[in-house]
Amino acid sequence: MILVTGATGNIGTALLKELHARDAGPLRGLTRNAARVTFPEGVEAVEGDFAEPTSLKSALEGVHSLFLVSRLGPDADVLKAARQAGVEHVVLVSSITVQSHPRLGPAGENLAVEQLLKASGMAWTILRPTQFASNALMWADSIRGHETVRAPYADTALPTIHPADIASVARVALTEPGHQGRTYALTGPAPVTARQQVGAIAAALGREVPFTEISREEAHARMAAVFGAEAAEAVLDVTGGDVNDELLMVRDTVSQVTGTPARSFRQWASENADAFHSIA
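Conventions we followed
Residues numbered from 1 in each chain as written. Predicted model: local features only at pLDDT ≥ 70, side-chain atom pairs only at ≥ 80, totals over all residues. Heavy atoms only, no water. Pairing = 2+ DSSP bridges. Helix = DSSP H or I, 4+ residues; strand = E, 2+ residues; numbered from the N terminus. Axes fitted to C-alpha atoms, helices over the stretch in contact; angles between N-to-C directions. Parallel < 35°, antiparallel > 145°, perpendicular 65-115°, else oblique. Left-handed = near helix turned anticlockwise from the far one by under 90°. Contact = heavy atoms within 4.5 Å. Nonpolar A, V, L, I, M, F, W, Y, C, P; charged D, E, K, R; others polar. Buried < 20%, exposed > 50% of the residue type's maximum accessible area, 1.4 Å probe, protein only. Core = buried A, V, L, I, M, F, W, Y, C linked by side-chain atoms within 4.5 Å. Phe/Tyr/Trp six-rings, centres within 6.5 Å; stacked < 30°, edge-to-face > 60°. Expected span 1.5 Å × (residues − 1).

### Focus on the sheet that holds strand S8 (residues 182-186)
Strands in a sheet are paired, the pairing made by backbone hydrogen bonds, and the direction either parallel or antiparallel.
At step 1: Pairing is parallel in the open sheet, where seven strands are placed in the order S3-S2-S1-S4-S5-S6-S8. The sheet is open, and its two borders are formed by strand S3 (44-47) and S8, each paired with just one other strand. Here the strands of the sheet are splayed against their neighbours by 20 degrees on average, with no regard to which way each runs.
At step 2: In the sheet, strand S4 (residues 65-69) pairs with strand S5 (residues 89-93) via five bridges, with the strands oriented parallel. Each residue of the ladder has a partner; that of Phe-67, found in S5, is Val-91.

This is how it looks when you write it as structure tokens:
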């Protein structure tokens, strides 16, 4: 039995589809409301809330392998519940910032979860992806409204990763031997700037999408109002304000693990064009 947490998210949705398509055995998808989800036929929808790890008890019953996204709840309690339920292997999604920006608060939190997992007694595989292609959805309202996309560091190119590639690596780690005790840094196939991302979305829509670069200060004010000042600082550092070789490096880990080339941002934009179509 494999339990996929975050089963309705960008990674979890793709992972369940891959596991189901490859007949990976009995599958469960964790959700807060099983009545509102539609999983592939044969995938069991189970309810649970990371904010209340005791609610995961029934979902974890009989589970051999667990796919876990870090920092969705009290990770120490979640891992303890998994261990007590008899889970043998956990595939954890952490972050490349553990390597590239260890001084940042979120990176330290991710590292702490990794260490908890390693000390848990369960077998582990750790995935450290870079910036998600799906982060571009933050521009969806502006693009649907035919407004100008405004972003800082317009020409800083990062090897953005398609969430489905994270899912593909997770699927291999969950179902094939040789991946326990491994840590994988994951990137897309090529660097892509914010300006180029907007261009790829425009191409997928078949129309122009105006773009303008803004200052760090303006971007910080916008982000801090939503996420808080500290989180805004961290995001701005890893999207262009404090880039380094670890963050910029293109890795072939996806193709090495899965045998399939990593998906491009242009492919992600084409697959998700509906999210950017005009309101009217």
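Continuing now.
### What about the packing of helix H3 (residues 75-85) against helix H5 (residues 105-118)?
A pair of packed helices is characterised by two quantities: the angle between their axes and the separation of those axes.
At step 1: Across the interface, H3 lies against H5 with an axial gap of 10 Å and an inter-helix angle of 20 degrees. Between H3 and H5, the angle is such that the two are roughly parallel. Between H3 and H5 the crossing geometry is right-handed. Facing H3, whose interface residues are Asp-75, Ala-76 and Leu-79, H5 presents Val-113, Leu-116 and Leu-117.
At step 2: When the residues that make up the contact of H3 with H5 are grouped by side-chain class, the tally is five nonpolar, no polar and one charged.

### Side note on the side chain of Asp-165
At step 1: Within the secondary structure layout, Asp-165 lies in helix H7 (residues 163-175).
At step 2: We classify Asp-165 as buried; its relative accessible area is 2%.
At step 3: Ignoring anything within four residues of it in the chain, the contact list for Asp-165 reads Val-254, Pro-261, Ala-262 and Arg-263.

### Looking at the nonpolar core
At step 1: If you look at the biggest cluster of nonpolar residues, it comprises 30 residues, and the most contacted ones within it are Val-4, Leu-15, Phe-67, Leu-127 and Leu-186.
At step 2: Mapped by element, the contributors of at least two residues to this core are strand S1 (2-4), helix H1 (10-21), S5, H7, S8 and helix H12 (253-258).
At step 3: Take this core: its biggest share by element is eight residues, from H7.
At step 4: Setting aside anything within four residues of it in sequence, one finds Val-4 in contact with Gly-12, Leu-15, Leu-16, Leu-19, Arg-28, Gly-29, Leu-30 and Phe-67.

### Structural notes on the packing of aromatic side chains
The geometry of an aromatic ring pair is captured by two quantities: the separation of the ring centres and the angle between the planes.
At step 1: The full count for this structure, using the stated rule, is two aromatic pairs.
At step 2: Taken together, a centroid distance of 5.5 Å and an interplanar angle of 35 degrees make the contact between Phe-265 and Trp-268 tilted. In this pair, Phe-265 and Trp-268 both sit in helix H13 (residues 265-271), three residues apart, roughly one turn of the helix.
At step 3: Exposure remark for Trp-268: the relative accessible area of 3% places this residue in the buried category.
At step 4: Measuring from centroid to centroid gives 6.1 Å for Trp-268 and Phe-276, while their planes differ by 75 degrees, and the two rings are edge-to-face. Both residues of the pair, Trp-268 and Phe-276, count as buried.
At step 5: What links up through ring pairs into an aromatic cluster is the set Phe-265, Trp-268 and Phe-276.

### Re helix H8 (residues 194-205)
At step 1: For H8, which comprises 12 residues, the first-to-last C-alpha distance of 17 Å matches the rise-based estimate of 16 Å (1.5 Å per residue) to within 8%.
At step 2: Burial in H8 covers these residues: Ala-194, Gln-197, Val-198, Ala-200, Ile-201, Ala-202 and Leu-205.
At step 3: As for H8, its buried residues are in contact with helix H6 (140-144), strand S7 (149-151), strand S9 (211-213) and H13.
At step 4: Downstream of H8 by a residue or two, Gly-206 has a phi angle that is positive, lying close to 75 degrees.

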